[in-house]
Every structure is written in structure tokens, then in C-alpha cells.
Amino acid sequence: MELRSLGLTGLQVSPLGLGTVKFGRNQGVKYPRPFALPSDREALALLELAWDLGINLLDTAPAYGESEERLGRLLRQCRRNWVIVTKVGEEFGDGASSFDFSAAATRASVERSLRRLGVATLDAVLIHSSGDDLTILEREEVLPTLRHLQQAGLIRAVGMSSKTVAGGLRAVECCDVVMVTYNLAQREGLPVIRAADAAGRGVLIKKGLLSGHLDPLTNADPVQASMELIYAEPGVSSVVVGTLNPEHLRANVAAAERSLLLLRERGCR
Ligand SMILES: NC(=O)c1ccc[n+]([C@@H]2O[C@H](COP(=O)([O-])OP(=O)(O)OC[C@H]3O[C@@H](n4cnc5c(N)ncnc54)[C@H](OP(=O)(O)O)[C@@H]3O)[C@@H](O)[C@H]2O)c1
């Protein structure tokens with residue numbers, strides 16, 4: 001897959017990224033079906049397949065259970081030039097999420113991510129919003145602390161995984177990257193994507209396949225239709241989709257490539 005710029009961060013990412021919630025957490029999640037966490041061998045095989053298919057972007061978070069720690073361990077066996085996005089602010093333990101956007105928690109979380117992932121610099125750290133995006137961006141210590149850590153060379157790009165349109169628009173003003181929900185059933189984030197494009201911010205799409213809840217969609221090929229919707233927006237840097245199924249991974253890459261080709265032929269990109 002042809003890499004794209006993640007806004008003005010200097011990072012180049014594949015238009016499809018691999019989400020890794022399902023590598024580390026199967027409690028308190030809203031997927032259509034329960035599932036077992038993959039073995040290390042299965043997770044490593046998925047990572048290798050993703051790389052071979054042209055994916056260079058991985059999305060993780062401390063709130064995704066064992067995901068970040070596991071990725072760090074597995075990537076030591078599969079060293080490539082991955083771009084890894086992680087997050088701060090949310091923790092998941094004893095079946096529930098908790099949030100802390102203080103300077104001390106931010107610093108501790110970033111230091112732990114560096115250690116777990118075994119890197120000297122984190123490519124991108126997104127604020128894992130609790131839902132109150134504006135308060136977090138404007139009143140909490142997390143953003144200035146991340147900027148400080150960025151100046152110290154520990155982080156390349158700073159962003160927010162937003163939950164509201166107002167928060168997404170504010171993140172466009174004060175961050176390098178914004179992560180937005182955008183799919184066939186939830187299009188409210190479109191103004192955020194367009195504002196980010198105009199401002200040169202990186203745009204990562206989450207829930208592009210409705211977290212797997214594709215059944216209610218009436219499209220003949222909902223994966224293809226989803227990719228076409230998303231890539232029609234030139235501001236999109238990458239859509240992050242998780243899967244434990246190698247066939248789904250192959251199908252997603254094929255649908256992404258078909259959509260990008262179609263859009264190029266139609267002169268939209
Ligand atoms: N920051 C946040 O607040 C936040 C929230 C949610 C997600 N995220 C990030 O964004 C990513 C996307 O989130 P998400 O909510 O969409 O969940 P996701 O973790 O990406 O899961 C996608 C779901 O779709 C299914 N799927 C994937 N490809 C498919 C295909 N071709 N056909 C049918 N089903 C398919 C997967 O099941 P199979 O395993 O069976 O393929 C999985 O259950 C996450 O992985 C995570 O990295 C961030």
C-alpha cells in the first residue's frame with residue numbers, strides 16, 4: 001500500500017492500520033461476538049501478515065489490556081519500521097475503565113509505553129478521551145505535559161482520540177493528529193476530518209467498520225462501501241481496523257486498495 005503523510009508530523013503511514021484491542025482485551029468491549037485472546041503465535045502471525053500486505057501502522061493503548069505489553073514483546077521478534085500509535089489517560093482494570101489526565105499520570109504512562117514498546121521515542125501518543133474532550137484539552141495537564149515530552153524528544157506526534165465533534169475541532173487547533181469515528185452509520189465526524197485536512201493535521205479513523213457490527217447495513221459489500229466512504233475524504237491519513245482473522249485482514253487490505261484505485265480512476269483523489 002502506498003504510504004500517506006500523517007499530517008505534518010513527518011510520519012508516513014499505510015492507509016489501513018491494524019488496531020490491536022483484540023490482542024489484549026476481551027472484557028468490557030462492544031464487539032458483536034465474544035472471543036478468546038490470540039496466542040502469541042497467532043498474534044505474531046497476524047503482525048507478519050499485516051506487514052507483508054503493506055500495513056505499517058499499529059494502534060494500541062494502555063487501556064487495551066495486555067495489548068501494548070504484548071506488542072512490545074512480539075515486535076522484538078518481528079522488527080520492522082512500524083509506526084506505533086499509543087494513548088494516555090485511560091486505564092482498564094478489574095473490568096472497568098478509569099481516567100487520569102494529570103501531569104504525573106501522563107508522564108508515568110508515557111514512560112511505561114516507552115519501556116513496554118522497547119523504543120526510545122513514541123511515534124504518536126493520543127489522549128484517550130473519557131468523552132469530555134473540551135475539558136480535557138483546555139483544563140487538564142495532559143496536553144501541555146505531552147508537548148513537554150515531545151520537546152524532550154520522547155514523542156514525535158501528539159493527538160487526541162476524540163469523542164465529540166466540538167472536541168475533535170478543538171483537537172485540530174491544538175494537536176498534530178486527531179482520531180475520529182467515521183463510518184456508514186456515524187458521519188458526524190466529517191467536519192472534523194475536513195478541518196484537520198485544511199489545517200494539515202493527521203487524521204486516523206476509528207470504528208470505520210462499526211466495530212464489526214456490519215449486519216444491519218444493507219450494502220451488498222459493507223466493507224468495500226465503508227472504505228469507499230472513508231477514502232473519499234482526502235484528509236484521511238489512515239483507517240485503523242482491528243481483526244483476529246487473517247482472512248478479514250486480507251479482505252480489508254483488498255477492499256482498501258480497490259477503493260483507492262476506484263477513487264483515483266474517478267479523479268476524486
Ligand atoms: N480511542 C478510542 O476511543 C478507540 C475506541 C475504539 C477503537 N479504537 C481504535 O480504533 C480501532 C478500530 O476500532 P473498532 O471499534 O472498529 O474495533 P476493532 O478493534 O477495529 O474491531 C473491528 C471489528 O470488526 C471485525 N472485522 C474486521 N474486519 C472485518 C471484515 N472484513 N468483515 C467482518 N468483520 C470484520 C473484527 O472482527 P474479527 O476479529 O472477527 O475480524 C472486529 O470485531 C481499534 O482497533 C482501536 O485501535 C480507539
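**Regarding the overall build of the protein chain**
The helix and strand inventory of the protein chain stands at 10 helices and 12 strands. In terms of C-alpha radius of gyration, the protein chain reaches 17 Å, essentially the compact-globule figure of 18 Å for 269 residues. The dimensions of the protein chain, computed from C-alpha atoms along their principal axes, are 50 × 40 × 35 Å. Sorting the 269 residues of the protein chain into buried and exposed places 53% on the buried side. Surface accessibility of the protein chain: about 11,900 Å² in total, with carbon and sulfur atoms responsible for 49%.

**Considering the pattern of salt bridges**
One pass over the structure, following the stated rule, counts 12 salt bridges. With a closest N to O distance of 3.8 Å, Glu228 and Arg266 form a salt bridge. Within this pair, whereas Glu228 is found in helix α9 (residues 222–231), its partner Arg266 is found in the segment after α10 (246–265), the two being separated by 38 residues in sequence. Several salt bridges share partner residues, and in doing so they unite Asp40, Arg70 and Arg73 into one network.

**Some remarks on the site of the ligand**
Lining the immediate environment of the ligand, one finds 26 residues, of which Asp59, Ser161, Ser211, Gly242 and Thr243 sit closest. Residue Lys22 places a side-chain N or O atom 2.8 Å away from an oxygen atom belonging to the ligand. One of the backbone nitrogen or oxygen atoms of Gly242 is found 2.5 Å away from an oxygen atom of the ligand. Against a free-state accessible area of 870 Å², the protein chains account for coverage of 88% of the ligand. At the level of elements, α1 (21–24), β12 (238–242) and α10 are the ones that each hand at least two residues to the shell around the ligand. For the shell around the ligand, the element with the highest residue contribution is β12, accounting for 3 residues. Broken down by class, the residue content of the shell around the ligand amounts to 10 nonpolar, 11 polar and 5 charged.

**Things to note about the pairing of strand β3 (residues 16–19)**
The two faces of β3 match: Leu16 and Leu18 on one face and Gly17 and Gly19 on the other face are all buried. Of the strand pairs in this sheet, β3 and strand β4 (residues 57–59) are connected by 2 bridges, and their pairing is parallel. Of the residues in β4, the one forming a bridge with Leu18 is Leu58.

**Here we look at a negative patch on the surface**
Side chains of Asp100, Asp132, Glu140 and Glu141 sit close together on the surface and give a patch of like negative charge. Note that Asp132 resides in the loop between β8 (122–128) and α5 (133–139).

**Side note on the environment of Ser238**
Within the element layout of this structure, Ser238 appears in strand β12. A C-alpha to C-alpha distance of 9.2 Å links Ser238 and Lys206, two positions 32 residues apart in sequence. Those residues in contact with Ser238, other than ones at most four positions away along the chain, are Val13, Ser14, Pro15, Leu16, Gly17, Leu57, Val203, Leu204 and Ile205. Here the side chain of Ser238 touches Ser14 through a polar contact of 2.7 Å, landing on its backbone oxygen.

**Let's talk about the packing of aromatic side chains**
Enumeration according to the criterion identifies 3 aromatic pairs in this entry. With centroids separated by 5.0 Å and ring planes inclined at 70°, the aromatic side chains of Trp51 and Trp82 adopt a geometry described as edge-to-face. Of this pair, Trp51 sits in helix α2 (residues 40–52) while Trp82 is found in the loop between α3 (67–75) and β5 (83–88), placing the two residues 31 residues apart along the sequence. A relative accessible area of 27% means that Trp51 is categorised as partly exposed. With a centroid separation of 6.1 Å and an interplanar angle of 20°, the aromatic rings of Phe99 and Phe101 are classed as stacked.

**Remarks on the side chain of Thr243**
Along the polypeptide, Thr243 turns up in the loop between β12 and α10. Apart from residues lying up to four places away in sequence, Thr243 is in contact with Leu18, Gly19, Phe23, Leu46, His248 and Leu249.

What counts, and where the lines are drawn
Residues numbered from 1 in each chain as written. Predicted model: local features only at pLDDT ≥ 70, side-chain atom pairs only at ≥ 80, totals over all residues. Heavy atoms only, no water. Helix = DSSP H or I, 4+ residues; strand = E, 2+ residues; numbered from the N terminus. Rg over C-alpha atoms; globule rule 2.2 N^0.38 Å. Buried < 20%, exposed > 50% of the residue type's maximum accessible area, 1.4 Å probe, protein only. Areas by Shrake-Rupley, 256 points an atom, 1.4 Å probe, with all protein chains shown as cover. Salt bridge = Lys/Arg side-chain N within 4 Å of Asp/Glu carboxyl O. Near = heavy atom within 4 Å. Polar contact = N/O pair within 3.5 Å; in protein donor to acceptor, adjacent residues only side chain to side chain. Nonpolar A, V, L, I, M, F, W, Y, C, P; charged D, E, K, R; others polar. Pairing = 2+ DSSP bridges. Patch = residues over 30% accessible without salt bridge, like charges linked within 9 Å, V, L, I, M, F, W, Y side chains within 5 Å. Lys, Arg positive; Asp, Glu negative; His and termini not counted. Charge placed at Lys NZ, Arg CZ, Asp CG, Glu CD. Contact = heavy atoms within 4.5 Å. Phe/Tyr/Trp six-rings, centres within 6.5 Å; stacked < 30°, edge-to-face > 60°.

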